[in-house]
Each structure stands twice: as structure tokens, then as C-alpha cells.
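Survey of secondary and tertiary structure
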Amino acid sequence: MVALLASVREVAAVALVSNATTRLELDLDRQGLSGVADAVVNTARIGVAKPDPRVYRIAAERVGTVAGPRCSTVPAPGRHRPDEP
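Residues numbered from 1 in each chain as written. Predicted model: local features only at pLDDT ≥ 70, side-chain atom pairs only at ≥ 80, totals over all residues. Heavy atoms only, no water.

Let us now look at the confidence of the model for the protein. Detail in the predicted coordinates should be disregarded across regions flagged by low pLDDT. Summing up the model confidence of the protein, the mean pLDDT is 88 and the portion of residues at 70 or higher is 91%. Looking over the protein, one finds the lowest element-wise mean pLDDT in helix α1 (residues 2-9), namely 90, and the highest in strand β2 (residues 39-42), namely 96. (pLDDT = per-residue confidence, 0-100. Helix = DSSP H or I, 4+ residues; strand = E, 2+ residues; numbered from the N terminus.)

Moving on, we come to helix α4 (residues 53-62). Within α4, the full set of buried residues consists of V55, Y56, A59 and A60. Projected down its long axis, α4 shows its buried positions confined to an angular sector of 135°, all on one face. In this structure, the buried residues of α4 make contact with β1 (15-18), β2 and α3 (43-46). Following α4 by one or two positions, G64 has its phi on the positive side, about 85°. (Buried < 20%, exposed > 50% of the residue type's maximum accessible area, 1.4 Å probe, protein only. Arc of directions from axis to C-beta. Contact = heavy atoms within 4.5 Å.)

Here we take up the pattern of salt bridges. All told, the structure shown has three salt bridges when counted by the stated rule. Ionic pairing is found between R45 and E25, a salt bridge with its closest N-O pair at 3.1 Å. Note that R45 is positioned in helix α3 and E25 in helix α2 (residues 24-30), a separation of 20 residues in sequence. Given a relative accessible area of 51%, R45 falls into the exposed group. On the basis of relative accessible area, E25 is assigned to the partly exposed category, the value being 29%. R54 is the salt-bridge partner of D52, the closest N and O atoms lying 2.7 Å from each other. Judged by relative accessible area, R54 falls into the partly exposed class, the value being 43%. (Salt bridge = Lys/Arg side-chain N within 4 Å of Asp/Glu carboxyl O.)

Okay, structure coming up:
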């Protein structure tokens, strides 16, 4: 997965968005993954959680774009995308 993200980052910005605890950034750092994305959006810190559209707008802003048709989400295994039932 890390290699895939590195490849994607060569052509597009990547934001990691998680409904995790406030420890997300520390956990990523401890695993050597703090640089895996261009931005990390930890919903425990922003006051709204997925699938609220504001989360995705914030993620897009943090990587220097606007949420729209050129943005894509990749759900965790076994999860649905926010635009799917």
C-alpha cells in the first residue's frame, strides 16, 4: 500500500482521511508512515466525521484543490464509499 501511495503521489495529491482517535498522527509516526500522504485529516480533530461532505472538502483544501469530480475516495477494506448505499 505504501508503494502504491508513493506512485499515486507522483501524479496526484493524496490525503489520508480517517475517523480515528486523536492518536492517529502519533500512530502513523510510530509506524514510519507520517509521510505517506500529502495531508492527514483526522476527523477526531476537525469536529465532523465521514461521511459528512465537509470532511472531504477539508481534505481537498489541505492538498490545494477543491472537492469535485476529480477527487476520489478509496474505502477501507469491507467499507462502502460515501456515495454508495
